[in-house]
Every structure is written in structure tokens, then in C-alpha cells.
Amino acid sequence: MVAIMQKQNILDAPFIKEMCEATFNMWNMGWDERNGGNISYLLEEELVEQYLDTGKIIRSIPLKFPVSELAGKYFIVTGSGKYFKNVKKDPANTLGVLKIDKSGEKVHILWGFADGSNPTSELPSHFMSHIARLRVDPNHRIIMHNHATNILAMTFMHDLDEASFTKTLWQMCTECIVVFPDAIGILPWMVPGTDEIGEKTAVKMREHRLVVWPHHGIFGAGSTMDETFGLIETAEKAAQIYTIIGDASKIKQTITDQQLQDLADAFQVVPREGVLHL
């Protein structure tokens, strides 16, 4: 007789705790007002199986387009219309564990969204970006979107040229070129939740881990929750310094291109070509 392994309480799962902490911290930073923002987290099947019967499907949702490259993959995602401030106290209604079916044409809900709600409306953008990042980084796991306040403000005040925008951020804080040497990708303004913005974001994600949606927010990618949060946090801190300065004529000195290159050399990172002019 085969012994049946007792499943652990899913509320004790590390991925639930990470989602609760990250969403609360993002809300507490003022980056995710109301139901703004979303996170998706690619999970290992072996870990999910410790907490859930992966063959037990609560319900299935068709996808707008197939994601065959993610077929059979597991994700935990935030819900559509859910307030980040509530995730920590009510994960079963605000989060959901999904499995993409073998065809890549629908997702199965295995846990969560207990009130009948759905995954984030930005799910297509997330899946497209996961596919793009996995092609260049097999350790990739997280896509995080929020409305980082000062990045948002900066998109009204600064030229939306990727090299110029990136260089300004690098010059605002010494650690920036070390944290995101791959620079910032920037899209033109688009309606969120559409296939178009998902496709355009994914194209940028092939070369950047940070993509700015002007007058809306930012998308970040990483291999861990801390790395992804820290990536956005670092760019946001630099943007905060920029917005505090306000008037560029007030700047008396800055980090030079040569100093930025010296930083890159010291920390053994390669700055994106075309940003520095030496």
C-alpha cells in the first residue's frame, strides 16, 4: 500500500509569505494605491506539490493567446481588483496559484481567488515578459509591476530617451550603475492590459530588467523577490533624488561618465552601450 504524503499548510509556504511581504511593502512605500500593481512568481513544481494536490483543479480560465513556452509551469499571482494592503491578512482571496495547461491556452486555478475573482488583468503582459526573460536568464522567476511614485513623476519631467533617462538615474546615486547596468527600457504611453503593451514590454525585457511605462509605472524582473524589489527600489530612490532637485540648474556637480565607468570596472559590470560617452 502506497503511503499518501500529508500536504503542508499552504499558508506556511515560503512563496505565500514572500508575496504577502512584498505586496505589503510595496503598498507601504506608496507604490500600489488601491488595486494598482501586480506580481507573478514562477514556482518549482516540487515545491508546489508539498502544499497542493496539483491534479485538483478548482476552475480553468482561457488565455487571450497561447503561451506554449510556459506549458505545465506553476505561478502564484496577485488578483484582479485586489488591494495590496489586504494581501497579508487575506491571501486566499487576493492571491492564486495557477498551472498553465499542456496546450498553453488556459490556466488552471489550484488554490486561491476563493471569492471567485480572477488573476490580474496584466497576466498577458506578465506571461510575455516571463517568456522573454527565461530565454536570456534560466534563473528568472519574478515579474513585478507597481506605480513607483518618483519614477512616475520623472516621466513627466525628463526626456523619455532610454539612454538619457538611464544616465540621469545612474548619476543620482552611486550604486545605480552597479544594480542596473543593463539600463532602463521605456515604452511610449499605451493602454494597460492590452496585448500590444504586453508584446512591447516583452521586447524590452529581452535586454532590460526594468521597463518604464510613462505616466503609469514600472515593470521589473528578477530571479528572487528581494532582487526584483531591490531593483525597482534602487531606481525609485534615484528618481526621488532627481525630483527633489527639481531644477537642473541647481546641480553644481555630478558623477561623471568616467567615474561611472570606473564604478562599473570596480564592480565588474558592463554598462549598456550608448549611455556613457568617453
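None of the values given here were measured: they were computed from a predicted structure. (Residues numbered from 1 in each chain as written. Predicted model: local features only at pLDDT ≥ 70, side-chain atom pairs only at ≥ 80, totals over all residues. Heavy atoms only, no water.)

Attention shifts here to the overall build of the protein. Each helix and strand counted, the protein has 10 helices and 9 strands in total. The C-alpha radius of gyration of the protein comes to 20 Å, within 12% of the 19 Å expected for a compact globule of 278 residues. Taking the principal axes of the C-alpha coordinates as reference, the protein spans close to 75 × 35 × 35 Å. Out of the 278 residues belonging to the protein, those deemed buried represent 52%. Sequence-distant contacts, at least 24 apart, represent 73% of the contacts inside the protein between residues at least 6 apart. Carbon and sulfur atoms make up 52% of the accessible area of the protein, which amounts to about 13200 Å² in all. (Helix = DSSP H or I, 4+ residues; strand = E, 2+ residues; numbered from the N terminus. Rg over C-alpha atoms; globule rule 2.2 N^0.38 Å. Buried < 20%, exposed > 50% of the residue type's maximum accessible area, 1.4 Å probe, protein only. Contact = heavy atoms within 4.5 Å. Areas by Shrake-Rupley, 256 points an atom, 1.4 Å probe, with all protein chains shown as cover.)

We now examine the environment of Leu-70. Here Leu-70 shows up in the loop between strand E2 (59–62) and strand E3 (74–78). Once the C-alpha coordinates of Leu-70 and His-130 are considered, the two residues, 60 residues apart in sequence, prove to be 8.5 Å apart. Setting aside chain neighbours within four positions, we find Leu-70 in contact with Phe-75, Ile-100, Phe-127, His-130, Ile-131 and Leu-134.

With 56 residues, the main nonpolar core has Ile-10, Phe-15, Ile-16, Ile-39, Ile-76, Leu-169 and Phe-180 as its most contacted residues. Counting residues per element, this core draws most heavily on helix H9 (residues 225–245), at 8 residues. Counting only domains with at least three residues in this core, you end up with domain 1 (7–120) and domain 2 (122–273). Filtering out sequence-adjacent residues up to four positions away, Ile-10 remains in contact with Phe-15, Ile-16, Tyr-51, Leu-52, Val-97 and Trp-111. (Core = buried A, V, L, I, M, F, W, Y, C linked by side-chain atoms within 4.5 Å. Domains from an automatic or database assignment.)

Moving on: the pattern of salt bridges. Tallying each qualifying case throughout the model produces 9 salt bridges. Linking Glu-44 and Arg-141 is a salt bridge whose minimum nitrogen-to-oxygen distance equals 2.9 Å. In this pair, Glu-44 is assigned in the loop between strand E1 (38–43) and helix H2 (45–48) and Arg-141 in the loop between helix H4 (123–136) and strand E6 (142–146), connecting sequence segments 97 residues apart. A relative accessible area of 39% means that Glu-44 is categorised as partly exposed. A salt bridge links Asp-257 to Lys-167, with the shortest nitrogen-to-oxygen separation between them at 2.8 Å. Taken together, the positions of Asp-257 in helix H10 (residues 257–266) and Lys-167 in helix H6 (residues 162–172) put the pair 90 residues apart, joining distant regions of the chain. Each of Asp-182, Arg-209 and Glu-227 takes part in one network of salt bridges that share partners. (Salt bridge = Lys/Arg side-chain N within 4 Å of Asp/Glu carboxyl O.)

Moving on, we come to the UniProt feature "binding site: Zn(2+)" (unreviewed entry) in the protein. Per the UniProt entry, the sites bearing "binding site: Zn(2+)" (unreviewed entry) are His-145, His-147 and His-216 in this numbering. With the annotated positions falling across 72 residues, the maximum pairwise C-alpha distance of 10.0 Å places them together in a single cluster. Of the annotated set, the members that line the second largest pocket are His-145, His-147 and His-216. Along the chain, His-145 turns up in strand E6. Judged by relative accessible area, His-145 falls into the buried class, the value being 1%. Among residues more than four places away in sequence, those in contact with His-145 are Met-26, Asp-32, Gly-37, Asn-38, His-126, Trp-213, His-216, Gly-217, Ile-218 and Phe-219. Note on placement: His-147 falls in the loop between E6 and helix H5 (149–157). When neighbours within four sequence positions are excluded, His-147 is seen to be in contact with Gly-30, Trp-31, Asp-32, Glu-33, Gly-36, Gly-37, His-216 and Gly-217. (UniProt positions renumbered as here; feature names shortened; annotations may be inferred. 1 Å grid on protein atoms, 1.4 Å probe; cavity = no way out; pocket = protein on both sides within 12 Å on 5 of 7 lines; lining within 4 Å.)

Looking now at the layout of surface pockets. Unoccupied space between atoms shows up once a probe the size of one water molecule is rolled over them. Looking at the largest pocket, its volume works out to about 200 Å³. Lining the largest pocket, in full, are Ile-61, Pro-62, Leu-63, Lys-64, Ser-80, Val-107, Asn-118, Pro-119, Thr-120, Ser-121, Leu-123 and Pro-124. Elements represented by at least two residues in the lining of the largest pocket include exactly E2 and H4. Its residues assigned to classes, the lining of the largest pocket comprises 7 nonpolar, 4 polar and 1 charged. One number sums up the size of the second largest pocket: a volume of about 150 Å³. Class assignment for the residues of the lining of the second largest pocket results in 1 nonpolar, 12 polar and 1 charged. (Points joined across faces, edges and corners; volume = space filled by probe spheres on them. Nonpolar A, V, L, I, M, F, W, Y, C, P; charged D, E, K, R; others polar.)

Moving on, we come to H6. Since there are 3.6 residues in each turn of an α-helix, residues three or four apart along the chain are aligned in direction. With 8 of 11 residues buried, H6 is to be regarded as a mostly interior element. Looking only at H6, the buried set comprises Phe-165, Thr-166, Lys-167, Thr-168, Leu-169, Trp-170, Gln-171 and Met-172. Of the surrounding secondary structure, the elements contacted by the buried residues of H6 are H5, helix H7 (176–179), strand E7 (184–186), strand E8 (210–213), H9 and H10.

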